[in-house]
Amino acid sequence: MATTALLSQVAQQPQWVINNSLVDYVNNTTTPLPTSNSPNHTQNGLINHAGQLEFYAEDGAVRDGAGNLIVQQVNVAGLGYNAPGHSEFVFVPVPETCDEYFCISTFVKTGMPTNFAIENYLIYSRIKNVNGSWIAQTMPNGTLVEHWKNEGCLSFSRSDSMPNGEEVNYYDYHNHLAVTRANLSGNRYLFMSIPECIGVFEIRNSDIIYLNSSTSNGTFLQNNRSEMEVFEYEAVGGLEKYTLVTSYYSNPDLDVVSQNKNKGGAIHLFEVSISSGSSVTFSSNYQVIVPKSSRLIDYMQCVNGIEFSTDGLTLYASHLSIFDGGSSGLAQSSDNILVYFQRSSLNSTFSYFGPIVSGDPNKDFAYGQLERGKDGKLYVAGNNRLGALADINDPASAWTSNAVQLNNQLTSGHPYILGFPDDYFDLLYLLPDQIDGEDYSRWSFGPPNEFLQNPIYTCDYPHVLNLSRSFYYQVNQLAAPFTQSSGNSNTITLTQGSQVVISYFSDLKCAETLIVKCCAEPGTEILCPIPFTVTKTFDYVLKTVEICASTCITDIPAPCEIYWSFSWPIDRGHRASGNYTGHSFCQTIPLLNLPASHQHSVIHLHKVLCQGEECGPNEEVILDEPIDLYVP
């Protein structure tokens with residue numbers, strides 16, 4: 001019998017990119033970003049294991065931690081405009097790699113004041129850590145930015161050009177994103193909401209692949225800037241189940257289907273099953289209405305921010321109400337600012353339960369996106385602050401309206417203000433979109449870079465390596481008999497020359513390697529009676545002589561690298577040279593037809609002990625006298 005398994009829910013990112021700051025929301029501190037562009041559409045960022053900003057996005061521009069532009073997402077249809085996105089920007093590790101990421105957004109056109117088209121594209125780039133720098137990668141279609149184009153909810157097509165002109169205009173648009181944790185195949189699913197349905201993709205190592213779309217739903221049509229969230233609650237055999245939620249609002253004057261009339265805004269939910277063969281099934285599709293505010297005359301409300309509780313049984317939403325204020329004009333209601341919905345089990349439907357936060361002092365939170373915190377709290381974005389619910393699994397827990405102080409702004413995601421209602425429902429306080437339940441500590445941004453010197457030369461054993469944090473490691477000793485050890489530690493003790501491999505992961509992927517060699521003091525490594533030998537072999541037919549030199553092979557302890565350098569004449573005033581490393585070398589030298597004044601040639605032989613990355617300071621002259629090339 002199949003068993004439902006609730007998947008573990010673990011920590012989120014410890015710091016968030018919000019407006020022009022990196023925010024430690026747990027400790028209520030902020031650090032300015034290298035750029036100050038006040039993003040108006042999308043933002044996000046990722047923190048590495050040392051707590052440093054690795055890269056971030058602002059309105060479709062992806063920058064490294066120092067603020068250098070990695071890639072700017074643009075309209076790949078060839079119109080030459082930037083693609084700042086809609087409400088959400090997602091960073092996702094590329095499967096089967098340890099230092100590559102997909103940068104994913106949706107496309108909202110800017111720069112065309114006479115054209116109000118909203119193009120429903122999934123748009124993305126791929127960046128890779130190359131020698132410590134983030135570089136945009138060319139993808140399968142030969143571009144740095146690629147996209148899938150919505151074909152009227154029937155499918156998505158892949159194209160980097162639009163020979164037939166622009167897509168059908170969607171003034172009312174609804175482009176939001178949600179990404180799952182790794183699925184049973186090691187890939188991830190990506191959901192994209194579009195005006196009438198949901199598109200489903202799979203994020204693979206090779207590319208992002210379109211799978212299927214939900215059936216068109218006419219009530220899922222109207223625009224507002226919001227979020228889409230996904231909760232994964234079952235993985236049995238080859239089947240995985242998800243609950244999707246996004247927002248919906250309706251003007252009763254526009255909604256002509258009476259049974260769907262909504263005078264308070266709603267959440268829109270989908271139950272989705274995906275088999276191991278990437279077969280997508282939408283088993284249910286329903287809305288839950290937020291009741292009309294008591295202060296509201298017959299006008300409009302909407303949901304902006306959405307977030308699941310850790311256990312998946314509670315759903316939170318920030319809620320905006322607009323009412324007719326009579327002589328004072330249009331105004332905002334202060335009722336039902338943060339509301340919640342609940343279900344009795346993971347397989348049941350959600351119902352509306354009521355408001356958590358209301359009142360004029362809190363009405364800025366009605367425009368806020370929501371995010372789950374690493375500390376188990378629910379955070380709501382507001383005007384230069386974050387509000388926090390103390391326990392995301394308990395709607396009755398304490399609410400703090402000024403939990404985090406920060407520099408935030410009310411953003412507009414649509415460049416064309418056409419008048420009410422869009423100038424209200426298009427405003428949003430941004431938070432970085434995360435993959436809920438994701439263990440971000442397992443995300444890698446390249447090798448650990450713990451070892452600044454490689455190799456290390458020492459004979460002072462035991463030799464202790466002190467690491468900045470706990471790593472998985474593997475030690476392969478260089479000298480026979482060969483032994484190997486591995487484990488997880490922040491100190492590694494070596495008893496002889498070794499190769500040390502460290503990684504953030506137990507499978508040692510994306511690892512860094514350090515070589516530790518034993519290097520004796522100059523003159524002490526040679527214990528043989530005859531420290532070196534030089535031999536000459538003549539070929540009188542070819543008129544050459546082969547010079548060979550070697551140290552004894554019983555050197556104890558193991559010497560550092562041995563460097564031989566010498567030179568010989570090739571004609572009057574000109575010389576050739578040879579350079580070798582190791583215990584021995586051989587060099588063939590042509591013999592000259594010498595004039596009477598020059599009876600023989602000479603060779604100078606040196607050995608250098610390399611104590612560090614440079615050879616030379618500890619040079620020991622083994623032989624520095626002429627060798628007669630003509631005398632056997």
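Being a predicted model, the structure only gives us computed values, none of them experimental.

*Asks:* Which parts of the structure should I look at to understand the overall build of the protein chain?
*Replies:* Each helix and strand counted, the protein chain has one helix and 44 strands in total. Classification of the 632 residues of the protein chain by burial places 54% in the buried group. By sequence separation, contacts in the protein chain at least 24 residues apart represent 59% of the contacts at least 6 residues apart.

*Asks:* Can you walk me through the sheet that holds strand S19 (residues 239-248) in this structure?
*Replies:* Read across the open sheet, the four strands follow the order S18-S19-S20-S21; overall the sheet is antiparallel. Edge positions in the sheet fall to strand S18 (228-236) and strand S21 (280-289), since each has one partner strand and no second. Adjacent strand axes in the sheet meet at a mean angle of 15° when their direction is disregarded. Note that S18 and S19 share eight bridges and pair antiparallel.

*Asks:* Explanation requested: the packing of aromatic side chains in the structure shown.
*Replies:* Each aromatic ring pair is characterised by the separation of its centres together with the angle its planes make. Enumeration over the complete set of coordinates arrives at 29 aromatic pairs. Taking 6.2 Å as the distance between ring centres and 50° as the angle between the ring planes, the aromatic pair formed by Phe308 and Phe350 counts as tilted. You can see Phe308 sitting in strand S22 (residues 300-308) and its partner Phe350 sitting in the loop between strand S25 (338-342) and strand S26 (351-357), a full 42 residues away along the chain. For the pair shown, Phe308 and Phe350 are each scored as buried. A network of ring pairs unites the aromatic residues Phe55, Phe89, Phe91, Tyr101, Trp134, Tyr440, Trp443 and Phe445 as a single cluster.

*Asks:* I'm lost on the state of the cysteines in this one. Help?
*Replies:* Among covalent bonds in proteins, the disulfide is the one between the sulfur atoms of two cysteines. Tallying each qualifying case throughout the model produces two disulfides. A sulfur-sulfur separation of 2.0 Å characterises the disulfide bridge that pairs Cys548 with Cys586. Residues Cys548 and Cys586 are joined through a disulfide that is right-handed, its torsion about the S-S bond being 115°. One end of the pair, Cys548, is in strand S39 (residues 544-551); the other, Cys586, is in strand S42 (residues 584-590), with 38 residues separating them in the sequence. Judged by its relative accessible area of 15%, Cys548 is buried.

*Asks:* Just to check I follow, could you spell out the environment of Phe425 for this structure?
*Replies:* Relative to the helices and strands, Phe425 resides in helix H1 (residues 422-425). Assessed through its relative accessible area of 1%, Phe425 is described here as buried. It is 7.4 Å that separates the C-alpha atoms of Phe425 and Cys302, two residues lying 123 residues apart in sequence.

*Asks:* Is there a simple way to think about the confidence of the model for the protein chain in this case?
*Replies:* As a note on interpretation, predicted positions should not be read in detail where pLDDT is low. Taken as a whole, the protein chain shows an average pLDDT of 79; of its residues, 74% reach a score of 70 or greater. Contacts from residues 161-171, a stretch scored under 50 in pLDDT, to residues over four places away or in other chains number 27 contacts. Here residues 554-559 is modelled with pLDDT under 50, and outside its nearest four sequence neighbours on either side it reaches 16 contacts, counting other chains as well.

*Asks:* Would you mind going over the side chain of Ser318 with me for this structure?
*Replies:* As for its placement among the helices and strands, Ser318 is situated in strand S23 (residues 314-324). Only 2.6 Å separates the side chain of Ser318 from the backbone oxygen of Gly368, close enough to count as a polar contact.

*Asks:* How should the pattern of salt bridges be read in this particular structure?
*Replies:* Side-chain pairs of opposite charge can arise whenever the charged atoms involved come near each other. Inspection of the entire model under this criterion finds nine salt bridges. The closest approach of N and O atoms between Lys128 and Glu100, which form a salt bridge, is 3.9 Å. Placement of the pair is Lys128 in strand S10 (residues 121-130) and Glu100 in strand S9 (residues 100-106), with a sequence separation of 28 residues. A relative accessible area of 22% means that Lys128 is categorised as partly exposed. A relative accessible area of 10% places Glu100 in the buried class.

*Asks:* Whenever I open this one, the sheet that holds strand S3 (residues 29-32) confuses me. Can you help?
*Replies:* Each strand in a sheet pairs with its neighbour through backbone hydrogen bonds, running either in the same direction (parallel) or in the opposite one (antiparallel). Overall, antiparallel pairing links the three strands, which are arranged S1-S2-S3 in an open sheet. Each edge of the sheet is formed by a strand with only one pairing partner; in this case those strands are strand S1 (16-18) and S3. Pairwise comparison of adjacent strand axes, ignoring direction, gives a mean angle of 35° for this sheet. Pairing of strand S2 (residues 21-24) with S3, which is carried by four bridges, proceeds in the antiparallel orientation. Each bridged residue has a counterpart across the sheet, and for Asp24 the counterpart in S3 is Thr29.

*Asks:* What's the story with empty space enclosed by the protein in this structure? I'm lost.
*Replies:* Vacant regions in the atomic arrangement are exposed by a probe of water-molecule size rolled over the atoms. For the structure on display, the rule yields three cavities of 30 Å³ or more. A volume near 130 Å³ is recorded for the largest cavity. Contributing to the lining of the largest cavity are 17 residues, with Val179, Thr180, Val230, Ile435 and Asp436 lying nearest its centre. Put simply, the parts of the chain that give the lining of the largest cavity at least two residues each are strand S14 (176-179) and S18. Ranked by residue count, the leading element in the lining of the largest cavity is S18, at five residues. Here the residues of the lining of the largest cavity sort into eight nonpolar, three polar and six charged. Put simply, the second largest cavity is a space of about 70 Å³. Lining the second largest cavity are 14 residues; nearest its centre among them are Asn44, Leu46, Asp433, Gln434 and Tyr440. Of all the secondary structure elements, the ones that give two or more residues to the lining of the second largest cavity are strand S4 (43-47) and strand S8 (90-93). Considering every element that reaches the lining of the second largest cavity, the biggest residue donor is S4, with three residues. Of the residues belonging to the lining of the second largest cavity, the class tally is eight nonpolar, five polar and one charged.

*Asks:* So what exactly am I meant to see when it comes to the pairing of strand S17 (residues 208-213) here?
*Replies:* When a strand is regular, its side chains alternate between the sheet's two faces. In terms of strand pairing, strand S16 (residues 197-203) meets S17 through five bridges, oriented antiparallel. Counted as the bridge partner of Gly199 is Ser213 from S17. The turn joining S16 and S17, which pair antiparallel and follow one another in sequence, is formed by four residues.

*Asks:* Help me out: how do you make sense of unusual backbone geometry in this one?
*Replies:* Excluding glycine, residues mostly carry a negative phi; peptide bonds, for their part, are mostly trans. Here the phi dihedral of Asn131 falls at roughly 55°; this positive angle occurs in a residue that is not glycine. Mapped onto the fold, Asn131 is located in the loop between S10 and strand S11 (133-136). With relative accessibility at 80%, the residue Asn131 sits in the exposed group. In this structure, Asn336 is a non-glycine residue whose phi angle is positive, near 55°. Positionally, Asn336 belongs in the loop between strand S24 (330-332) and S25. With a relative accessible area of 12%, Asn336 lands in the buried category.

*Asks:* What's the story with the side chain of Asp207 in this structure? I'm lost.
*Replies:* Note that Asp207 resides in the loop between S16 and S17. Residue classification places Asp207 among the buried positions, given a relative accessible area of 7%. In contact with Asp207, not counting residues within four places along its chain, are Phe102, Tyr124, Pro140, Glu146, Arg158 and Glu202.

*Asks:* What should I look at first to understand the environment of Tyr286 in this one?
*Replies:* The residue Tyr286 is located in strand S21 in this model. Tyr286 sits in the buried class, given a relative accessible area of 16%. For Tyr286 and Glu271, which are 15 residues apart along the polypeptide, the C-alpha to C-alpha distance reads 9.1 Å.

Conventions adopted
- Residues numbered from 1 in each chain as written.
- Predicted model: local features only at pLDDT ≥ 70, side-chain atom pairs only at ≥ 80, totals over all residues.
- Heavy atoms only, no water.
- Helix = DSSP H or I, 4+ residues; strand = E, 2+ residues; numbered from the N terminus.
- Buried < 20%, exposed > 50% of the residue type's maximum accessible area, 1.4 Å probe, protein only.
- Contact = heavy atoms within 4.5 Å.
- Pairing = 2+ DSSP bridges.
- Axes fitted to C-alpha atoms, helices over the stretch in contact; angles between N-to-C directions.
- Phe/Tyr/Trp six-rings, centres within 6.5 Å; stacked < 30°, edge-to-face > 60°.
- Disulfide = S-S within 2.5 Å.
- pLDDT = per-residue confidence, 0-100.
- Polar contact = N/O pair within 3.5 Å; in protein donor to acceptor, adjacent residues only side chain to side chain.
- Salt bridge = Lys/Arg side-chain N within 4 Å of Asp/Glu carboxyl O.
- 1 Å grid on protein atoms, 1.4 Å probe; cavity = no way out; pocket = protein on both sides within 12 Å on 5 of 7 lines; lining within 4 Å.
- Points joined across faces, edges and corners; volume = space filled by probe spheres on them.
- Nonpolar A, V, L, I, M, F, W, Y, C, P; charged D, E, K, R; others polar.

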